[in-house]
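# Fold and contact review
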Amino acid sequence: MAKNTRSSKPGYRCAECGNESAKWFGRCQECQAWGTLEEIGVPTRAVLSKIAAGVPSSPARPIAEVDVEAARARRTGVSEFDRVLGGGLVPGAVVLLAGEPGVGKSTLLLEVAFRWAARDGAAAPSLYVTGEESAGQVRLRAERTGNVHESMYLAAESDISAVFGHVDAVKPGLLVVDSVQTLGSPEIDGTPGGVTQVRAVTAALVALAKERGLPVVLVGHVTKDGAIAGPRVLEHLVDVVLHFEGDRHSSLRMVRGVKNRFGPADEVGCFELVEDGILGVPDPSGLFLNRRETGVAGTAVTVAVEGKRPLLGEVQALVSKSALPSPRRAVSGLDSARVAMALAVLERRGRIRLSEYDVFTATVGGMRISEPAADLALVLAVASAARDIPLPPDLVVLGEVGLAGEVRRVSGVKTRLAEAARLGFTKALVPPDSGTIPDGIQATVTPDLGAALQALYANAVPE
C-alpha cells in the first residue's frame, strides 16, 4: 500500500535534468545548472510503507532457457551505421541519434529507412515520422537522394497518440521519429520539447518498442554546448546513444557511439555528405593526411584508435613571435588541456622556450584526437615548428608524454603500426614495451622526450 502526502507549497522542477524540489534555488541541486528551476504547482510525493506482492507478467526462467534468436541484431544495410550499432538493430531497441542542426541526421536516417524497406519489402516496411517538416518536404529530399521505395511509409505528426495510430496501421519493422523533441501529448503538462513532455514521450516509445519488438530510432537535438537537449533521464531510458559529428566546412561526418547495451560503446562510423545523399567511408585514414614527398616543419603523423578502427591523422603546429603581452594558444581538433600540458612539458623538459611565442595547433581534415597516444606527435610537431626542422615524411609517432618528460606505452601499438605500414609509412617512434612490431616498419624506442628531440634534430629516425 502507498501512503500519499501532499504539500501545500508550490514545487519547482529543473528544466535541464527534471529534478524536483519543494523550494526555489538559484542553482539546481542535482545538475548544478543556474536559473533552470521552474514552478510546477503542487508537487505530489509518495512514501511507500509496504508493498503487496503482485502477479508477474511472465514466470522467471533459468537464463540458459531464454531464447536469444529473437534478440539477434539485424543489419540495416548501411554498413557504417551497423558498425557503430554493433552489427545492426536489435528488435525492441531504442536508439537516440543526436547532433547539431544541419549535420545530416535526417539524411542518414532517411537512407537507413530506405535500405530497410528495400531489403524487407512488404514483410516489414519502415515508417518515418517527421515532426519538423511536412511530408512534401521530406519527399523532395528523398527524391533528391534516391531514397524512395513503395514499402517506405512517411507521416508528418506531432501528437504521440497519432504516431501510435500509424504504427497500428502500417505495422512497420522499423520506426524513425524525427525528432523526439517535437512530439507531445495534450494529456501531459508542459509544451512539446519541455522536460515533462520529452520524458513522457520517450517513455511511451520505449514501452512500445519493448512490447512489440520494434526497433525505434529517435532524433535528438543538442544544446549549444553539444549535450543532448532535454532531461538527463532521456539517455538512461534508451538502449543506444549516438552522436553525429561533423565540421560545417568539411563533407566528412562521424557517428560516435556513447552508450550501447548491445555492442561496443566507443565505435565510430565515417560518412561523406555529398550532393545526392550520404555515403559510408569504409577506409577513412587517407582523409586525415596530407601526403608529401618531403617533410614540412610543424607536422607529425600519429595513429589514433576509434573503437576498433585505427585512423592515421596529421597534427600540425605553427610557432611565431608574439606581439602581445600574453601569447596566443589556439587549438583545433585537439584537447586544449592536453595541448597546454604538452607545451609546459616541452618548455620545461625539452628546453624549448615558448613563453614569448604564439602557438597554434590543429588536426587535418576535421579529425578530432583526444587520446593520450597523440601526445608525442603533438610535442614533436610544436618542436619541429619552433626549430624549423621537418620530420621525415614516412614517420609515424606514438606515445603518451608524462609531466616528467617520460614517454609511456599505449595500447594497440601493433594494430596502429600495421595500419601505418599499409599506407606506406616505414619508420616509427614508439614508447618502451611496445611489443611486437609488424613487418615493414622500422621502429625506434623513445623512452623520454630528450630521445624524441634527438630524433628530430637528426632529421631522421636514429639507427
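Higher on the page you've got the structure.
Below or above, wherever it landed, is the structure these notes cover. Computed from a predicted structure; not experimentally measured.

Rules of the game
- Residues numbered from 1 in each chain as written.
- Predicted model: local features only at pLDDT ≥ 70, side-chain atom pairs only at ≥ 80, totals over all residues.
- Heavy atoms only, no water.
- Helix = DSSP H or I, 4+ residues; strand = E, 2+ residues; numbered from the N terminus.
- Buried < 20%, exposed > 50% of the residue type's maximum accessible area, 1.4 Å probe, protein only.
- Phe/Tyr/Trp six-rings, centres within 6.5 Å; stacked < 30°, edge-to-face > 60°.
- Lys NZ or Arg CZ within 6 Å of the ring centre and 35° of its normal.
- Disulfide = S-S within 2.5 Å.
- Core = buried A, V, L, I, M, F, W, Y, C linked by side-chain atoms within 4.5 Å.
- Contact = heavy atoms within 4.5 Å.

All right, on to unusual backbone geometry then. In this model, Asp178 is joined to Ser179 through a cis peptide bond whose omega is 5 degrees. Following the sequence through the fold, Ser179 ends up in the loop between β9 (174-178) and α5 (195-212). One non-glycine residue, Arg351, lies in positive phi territory at about 60 degrees. Inspection of the secondary structure puts Arg351 in the loop between α7 (336-349) and β18 (357-363). Overall, the relative accessible area of 63% leaves Arg351 in the exposed class. The backbone phi angle of Asp433 is positive, close to 60 degrees, even though this residue is not glycine.

Aromatic rings considered in pairs are described by the distance between their centres and by the relative angle of their planes. Counted by the stated rule, this structure contains one aromatic pair. Ring centres 6.4 Å apart and planes at 85 degrees place the aromatic pair Phe244 and Phe271 in the edge-to-face group. With Phe244 in strand β11 (residues 240-246) and Phe271 in strand β13 (residues 268-274), this residue pair connects regions lying 27 residues apart in the sequence. You'll find Phe244 and Phe271 in the same group, each marked buried. Here Arg119 stacks its cationic end above the ring of Trp116, 4.6 Å away from the centre of that ring. For the cation-ring pair, Lys321 lies above Tyr357, with the distance from its terminal atom to the ring centre recorded as 5.1 Å.

All told, the structure shown has zero disulfides when counted by the stated rule. Just so you know, Cys14 is unpaired, no disulfide at all, and the nearest cysteine sulfur is the one on Cys31, 3.7 Å from it.

A general feature of soluble globular proteins is that nonpolar side chains tend to end up buried together. Core analysis: the largest hydrophobic core is formed by 44 residues, its most contacted members being Leu346, Leu380, Val382 and Leu453. Those elements that place two or more of their residues in this core are β12 (252-260), β13, β15 (299-306), β16 (309-321), α7, α8 (375-387), β19 (395-397) and α10 (449-457). At nine residues, the largest contribution of residues to this core is made by α8. Once residues lying within four places of it in the same chain are set aside, the contact partners of Leu453 are Leu346, Gly350, Ile352, Leu380 and Ala383. Within the second largest apolar cluster, 31 residues are counted, among which are Val84, Val95, Tyr128 and Ile278.

Coordinates in, geometry out; function isn't part of it.
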